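# Descriptive structure summary
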Amino acid sequence: MSYESSPYKEKKVISIGTVKDLTGLSVRQIRYYEERNLIFPARTEKGTRKYSFSDVEMLMSIADKREDGVQTHEIRKELKKAQEHIQKEKLRDTMIRGQLNAHFNMIKR
């Protein structure tokens, strides 16, 4: 079983203080990356930011790239390209599944 896109990784349940402890980033750095549209925490009714394990991994990746001198706008472009690639793969998979279903008279489960 692959945990690559498991639901637990996407649940927004981690507080900014815990993210700070896990990543070694300051609260200000974490908020800055949010302002730069590199991460997208959820907000509680009271406005508290909540992060996922995927967000933590993304922040660590961003921090590594920043240490290597990569600018935030370059990171954002890279993320956008990656998202577009994923969307294209999902569309292709859906189309192939549809063709197989049509050909073999299968029902998606």
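Here the structure is shown first, and the text comes after it.
Residues numbered from 1 in each chain as written. Predicted model: local features only at pLDDT ≥ 70, side-chain atom pairs only at ≥ 80, totals over all residues. Heavy atoms only, no water.

## Points about the overall build of the chain
Here is the rule: Note on conventions: DSSP H or I runs of at least 4 residues are helices, E runs of at least 2 residues are strands, and numbering of each starts at the N terminus. Each radius of gyration is computed over the set of C-alpha atoms, and the globule rule expresses the reference value as 2.2 Å times the number of residues to the power 0.38. Contact criterion: two residues are considered in contact whenever any of their non-hydrogen atoms come within 4.5 Å of each other. For the area figures, the Shrake-Rupley method with a 1.4 Å probe applies, and any residue is considered shielded solely by the protein chains shown.
Helices and strands together make up the secondary structure of the chain, namely five helices and two strands. Walking the chain from its N terminus toward its C terminus, one meets helices and strands in the order α-α-α-β-β-α-α. Relative to the compact-globule value of 13 Å for 109 residues, the chain shows a C-alpha radius of gyration of 18 Å, a clear excess of over 25%. Its C-alpha atoms give the chain principal-axis dimensions of roughly 55 × 35 × 25 Å. Here the contacts in the chain between residues at least 6 apart in sequence split such that 55% fall between residues at least 24 apart. When the accessible area of the chain is evaluated, it comes to approximately 8,500 Å², of which 52% is carbon and sulfur surface.

## Some remarks on unusual backbone geometry
Stated precisely, the cut-off is as follows: We call a residue buried when its accessible area falls under 20% of the maximum for its residue type, exposed when it is over 50%, and partly exposed in between, using a 1.4 Å probe and counting protein chains only.
Within the chain, Asn37 stands out as a residue other than glycine whose phi angle is a positive 60 degrees. Within the element layout of this structure, Asn37 appears in the loop between helix H3 (27–35) and strand S1 (42–43). Overall, the relative accessible area of 44% leaves Asn37 in the partly exposed class.

## Here we look at a nonpolar patch on the surface
Defined as follows: To count toward a patch, a residue needs a relative accessible area above 30% and no salt bridge. Like charges then connect within 9 Å, nonpolar side chains (Val, Leu, Ile, Met, Phe, Trp, Tyr) within 5 Å. Any Lys or Arg side-chain nitrogen found within 4 Å of a carboxyl oxygen on Asp or Glu counts as a salt bridge.
Together, Ile96, Leu100 and Phe104 give the surface a local cluster of nonpolar side chains, amounting to about 280 Å² of exposed area. Following the sequence through the fold, Ile96 ends up in helix H5 (residues 72–104). By relative accessible area, which is 38% here, Ile96 ends up partly exposed.

## Digging into the environment of Ala42
The residue Ala42 is located in strand S1 in this model. Accessibility expressed as a relative area gives 29% for Ala42, which makes it partly exposed. The spatial distance from the C-alpha of Ala42 to the C-alpha of Gln29 is 17 Å, given a sequence separation of 13 residues. Filtering out sequence-adjacent residues up to four positions away, Ala42 remains in contact with Lys12, Thr48, Arg49 and Lys50.

## What about the nonpolar core?
Heads up, the condition is: Only buried residues count toward a nonpolar core. Its members are Ala, Val, Leu, Ile, Met, Phe, Trp, Tyr and Cys residues joined through side-chain atoms within 4.5 Å.
By size, the foremost hydrophobic cluster in this structure holds 15 residues, and its most contacted members are Val19, Ile30, Tyr33, Ile39, Tyr51 and Leu59. For this core, the secondary structure elements donating two or more residues are helix H2 (16–23), H3, helix H4 (53–67) and H5. With four residues, H4 is the single largest residue contributor to this core. In this structure, Ile39 is in contact with Ile30, Tyr33, Glu34, Tyr51, Asp55, Met58, Leu59 and Ile62, ignoring residues within four places of it in sequence.

Remember that the coordinates give geometry; whether it matters functionally is a separate question.
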